[in-house]
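A structural walkthrough
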Amino acid sequence: MNELVLQSTVNVDLGPLSYQIAIAPNSLENLGSLLADLNLGKKILVVSNPIVADYYGERAIASLSAAGFSVSSHLIPAGERYKTLDSIQTLYDKALEQRLERSSTLVALGGGVIGDMTGFAAATWLRGINFVQVPTSLLAMVDASVGGKTGVNHPQGKNLIGAFYQPRLVHIDPEVLKTLPEREFRAGMAEVIKYGVIWDNDLFVRLEGATALNSFLAIDPELLNIILTRSCQAKAEVVSQDEKESGVRAILNYGHTIGHAIESLTGYETINHGEAVAIGMVAASEIAVRLGLWDRECGDRQLALLQKTGLPTQIPASVSVEDILDTLQTDKKVKAGRVRFILPTGIGEVKITDAVPNDTLRDVLADLGASNSNSGY
Ligand SMILES: NC(=O)c1ccc[n+]([C@@H]2O[C@H](COP(=O)([O-])OP(=O)(O)OC[C@H]3O[C@@H](n4cnc5c(N)ncnc54)[C@H](O)[C@@H]3O)[C@@H](O)[C@H]2O)c1
Ligand SMILES: O=C(O)C(=O)C[C@@H](O)[C@H](O)[C@H](O)COP(=O)(O)O
Ligand SMILES: [Zn+2]
C-alpha cells in the first residue's frame, strides 16, 4: 500500500458534526486506514452500482478488509431512475441480513445517485448509523458527497423524500475519473460553473482561461485540483453557515428550480442532473437579464462556459411551458405558495427572490425551446 499523500483537505465546520473532505490521487487503497481513524464499529456495508463496483469495488473492499473491518457489499442498478424508495428497501433488507448495528457504517462508492441513497439509508436505518462518502463521479466529488442532503425521488418530483444527514468523511481519489464517461464529466462541470456564478468569481475566471473543459483528459491536473478544491470549499462554506437550508444554502440550488422540473418531466432518462442544471442556469440567467438584475454580458459569459464544456443550453421541445409551471409548484423552495428563484446579480453573487412575473417566466421558457402544448409526459 502507498503512503497516503493528501493533495488538499477541506473542512466542513458543523460543530460536533464536522468532517473532512480528503482529496488524494491514487488513494483508494488508503480508504481502510482513513476509516480506521474514525472510531467506527467493525461492520461496513459498501453500497455501489455494478459499473462502479466492477472498476473499484474490489480495491475498496480489500483496503477496508486489510484495515480490520468486516465488509459486505450491496449493488443497486445504475441510473437516476433507480433513485427510489424501492431501492432503499433492498438496502434495508441487506442491512438486516448483515445484522448491521448502530456503530456500523455504510460506505457510498459511486456517483451522486448512490451517495444520496446510501446517505438516506444511513440516516434512517436504526434511526442513524455511520456513513462515509467515496464519490467516483466529478459531480459527486464537487457537490453531492458534501453537505448531507440525502434522499430519493418521488414519481411526482425530484428528491422529495430525504433527510439532512452528514457523512463522517468524504474521501476523493480523482484518479477514478479516468473511467468516468465524458458526458458524466461534463455534467459535473455544470455544478462547478454554478459555484463560479454563485460564490467564486476567481474560479469562474480560471475556467474562462482554460483551453478546454469538456473532458477529464483535456484538463490539466493543476486545474483539476483547483476545480475540486475550490468547489468543495464553496460548498463547505455555504453548508457550514446554514446546514439545513433555512437561508443562504438555497443559493446552491441555482439552476435547479427549472432544472429539476426538466429532469422529472423527461422521466430521469434522457437528460442527466448536470445537464438539467446547465439548462436551468441559462433560464435563471435569462430571467435575471430581463428583470435588469444582471447584464447580458455576464449572461453571455456564463453561456460561453457552458458551451465550452459541451453542456446543453436549450429546453427540449418535448417539455411544455405549462408542464414546467405545474412541476415548479412541487419545488422544495416554494414558500407561502410562491416559487422562489436563485437569480444571478454578478459573477460570484446571487439573490433569492419570489418576484419573477409569470409572463417573464413563460416567455423565457418558450424562448429557450419549451413547447406551448402539453407533452403528455
Ligand atoms: N446531495 C446533494 O447535495 C447532491 C448534489 C448534486 C447532485 N445530487 C444528486 O446526484 C445525482 C447525480 O449524480 P451523478 O452525476 O454522479 O450521477 P450518477 O450517480 O448517476 O453517476 C453517473 C454515471 O456515472 C457512472 N460512474 C460514476 N463514477 C464512475 C467512474 N469513476 N467510472 C465509471 N463510471 C462511473 C455511474 O455508474 C453512472 O452511470 C442526482 O440524483 C442528483 O440529484 C445530490
Ligand atoms: O446541497 C445543496 O443544498 C444543493 O442544493 C446542491 C444541489 O446541487 C443538489 O442537486 C441538491 O440535491 C438539490 O437539492 P434539493 O433540495 O433541491 O433537492
Ligand atoms: Zn445539483
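Just so we're clear, the structure is a prediction, and the values are computed from it rather than from any experiment.

1. Describing empty space enclosed by the protein
- This structure, assessed with the given rule, holds 2 cavities of 30 Å³ or more.
- Approximately 90 Å³ is the volume found for the largest cavity.
- For the largest cavity, the full set of lining residues is Gly157, Lys158, Leu160, Thr257, His260, Ala261, Ser264, Thr327, Leu328, Thr330, Asp331 and Lys332.
- Ranked by the residues each element gives to the lining of the largest cavity, the list is headed by helix 9 (residues 256–265), at 4 residues.
- Residues that form the lining of the largest cavity fall into these classes: 3 nonpolar, 6 polar and 3 charged.

2. A few points about the sheet that holds strand 2 (residues 19–23)
- Spatially, 1-2-9-6-5-3-4 is the arrangement adopted by the 7 strands of the open sheet, whose pairing is mixed. The outermost strands of the open sheet, each flanked by one partner alone, are strand 1 (8–12) and strand 4 (70–75). Adjacent strand axes in the sheet meet at a mean angle of 20°, parallel and antiparallel pairs treated alike.
- The pairing of strand 6 (residues 130–135) with strand 9 (residues 169–172) spans 2 bridges and is parallel. Residue pairing in the sheet places Val132 in a bridge with Leu169 of strand 9.
- With respect to the sheet, helix 4 (residues 112–124) is in contact with strand 3 (43–48), strand 5 (105–110) and strand 6, its orientation differing from that of strand 5 by roughly 170°.

3. Concerning the coordination of the zinc ion (ligand 3)
- Taken together, the protein donors to the zinc ion (ligand 3) comprise Glu191 (OE), His256 (NE2) and His273 (NE2), at separations of 2.0 to 2.1 Å.
- Coordination of the zinc ion (ligand 3) draws on donor residues from a single chain, spaced E-x64-H-x16-H in sequence. Placement of the pair is His256 in helix 9 and His273 in helix 10 (residues 273–290), with a sequence separation of 17 residues.
- Classification of His256 by relative accessible area gives buried; the value is 4%.
- What makes His273 buried here is its relative accessible area of 17%.

4. Some remarks on the site of ligand 1
- Neighbouring residues of ligand 1: 27 residues in total, closest Glu80, Thr136, Ser137, Lys158 and Thr179.
- Note that an oxygen atom of ligand 1 is positioned 2.8 Å from one of the side-chain N or O atoms of Asn49.
- Between ligand 1 and Thr179, the relevant distance is 2.7 Å, taken from a nitrogen atom to a side-chain nitrogen or oxygen of the residue.
- About the coverage of ligand 1: the protein hides 92% of its 860 Å² of free accessible area.
- Listed by contribution, the elements that provide at least two residues to the shell around ligand 1 are helix 2 (50–66), helix 4, helix 5 (138–144), strand 8 (157–164) and helix 6 (182–198).
- Broken down by element, the shell around ligand 1 gets its largest block of residues, 4 residues, from helix 2.

5. Considering the packing of aromatic side chains
- Applying the stated criterion across every chain yields a total of 4 aromatic pairs.
- Each ring, one from Phe131 and one from Tyr165, has its centre 6.5 Å from the other, and the planes form 20°; the classification is stacked. Of this pair, Phe131 sits in strand 6 while Tyr165 is found in the loop between strand 8 and strand 9, placing the two residues 34 residues apart along the sequence.
- For Phe131, a relative accessible area of 1% gives the class buried.
- Stacked on the ring of Tyr195, the Lys or Arg Lys194 has its end atom at 5.1 Å from the ring centre.

6. What about the UniProt feature "domain: 3-dehydroquinate synthase N-terminal" (unreviewed entry) in the chain?
- This chain's UniProt record puts "domain: 3-dehydroquinate synthase N-terminal" (unreviewed entry) on residues 75–186.
- In residues 75–186, helix accounts for 34% and strand for 28%; the two terminal C-alpha atoms are 25 Å from one another.

7. Describing the site of ligand 2
- Neighbouring residues of ligand 2: 14 residues in total, closest Asp143, Asn159, Lys235, Arg249 and Lys332.
- Contact distances for ligand 2 include 2.7 Å between an oxygen atom and a side-chain N or O atom of Arg249.
- At a separation of 2.9 Å, an oxygen atom of ligand 2 approaches a polar side-chain atom of His256.
- Surface burial for ligand 2 is 91%, taken as the share of its 430 Å² of free accessible area covered by protein chains.
- For the shell around ligand 2, the secondary-structure elements that each account for two or more residues are helix 6 and helix 9.
- A per-class count over the shell around ligand 2 returns 1 nonpolar, 5 polar and 8 charged.

8. Quick look at the pairing of strand 5
- Across the 6 residues of strand 5, 6 count as buried, placing the element largely inside the fold.
- A two-sided burial pattern is seen for strand 5, the buried positions comprising Thr105, Val107 and Leu109 on one face and Leu106, Ala108 and Gly110 on the other.
- Pairing between strand 3 and strand 5: 4 bridges, direction parallel. Bridged to Val46 within strand 5 is Val107.
- As for the winding sense of the linkage, the β-α-β connection from strand 5 through helix 4 to strand 6 is right-handed.

Basis of the calculations
Residues numbered from 1 in each chain as written. Chains lettered and ligands numbered in written order. Predicted model: local features only at pLDDT ≥ 70, side-chain atom pairs only at ≥ 80, totals over all residues. Heavy atoms only, no water. 1 Å grid on protein atoms, 1.4 Å probe; cavity = no way out; pocket = protein on both sides within 12 Å on 5 of 7 lines; lining within 4 Å. Points joined across faces, edges and corners; volume = space filled by probe spheres on them. Helix = DSSP H or I, 4+ residues; strand = E, 2+ residues; numbered from the N terminus. Nonpolar A, V, L, I, M, F, W, Y, C, P; charged D, E, K, R; others polar. Pairing = 2+ DSSP bridges. Axes fitted to C-alpha atoms, helices over the stretch in contact; angles between N-to-C directions. Contact = heavy atoms within 4.5 Å. Donors = N, O, S within 2.8 Å, 3.2 Å for Na, K, Ca; no water. Buried < 20%, exposed > 50% of the residue type's maximum accessible area, 1.4 Å probe, protein only. Near = heavy atom within 4 Å. Polar contact = N/O pair within 3.5 Å; in protein donor to acceptor, adjacent residues only side chain to side chain. Areas by Shrake-Rupley, 256 points an atom, 1.4 Å probe, with all protein chains shown as cover. Phe/Tyr/Trp six-rings, centres within 6.5 Å; stacked < 30°, edge-to-face > 60°. Lys NZ or Arg CZ within 6 Å of the ring centre and 35° of its normal. UniProt positions renumbered as here; feature names shortened; annotations may be inferred. Right-handed = clockwise from strand over helix to strand, strands pointing away.

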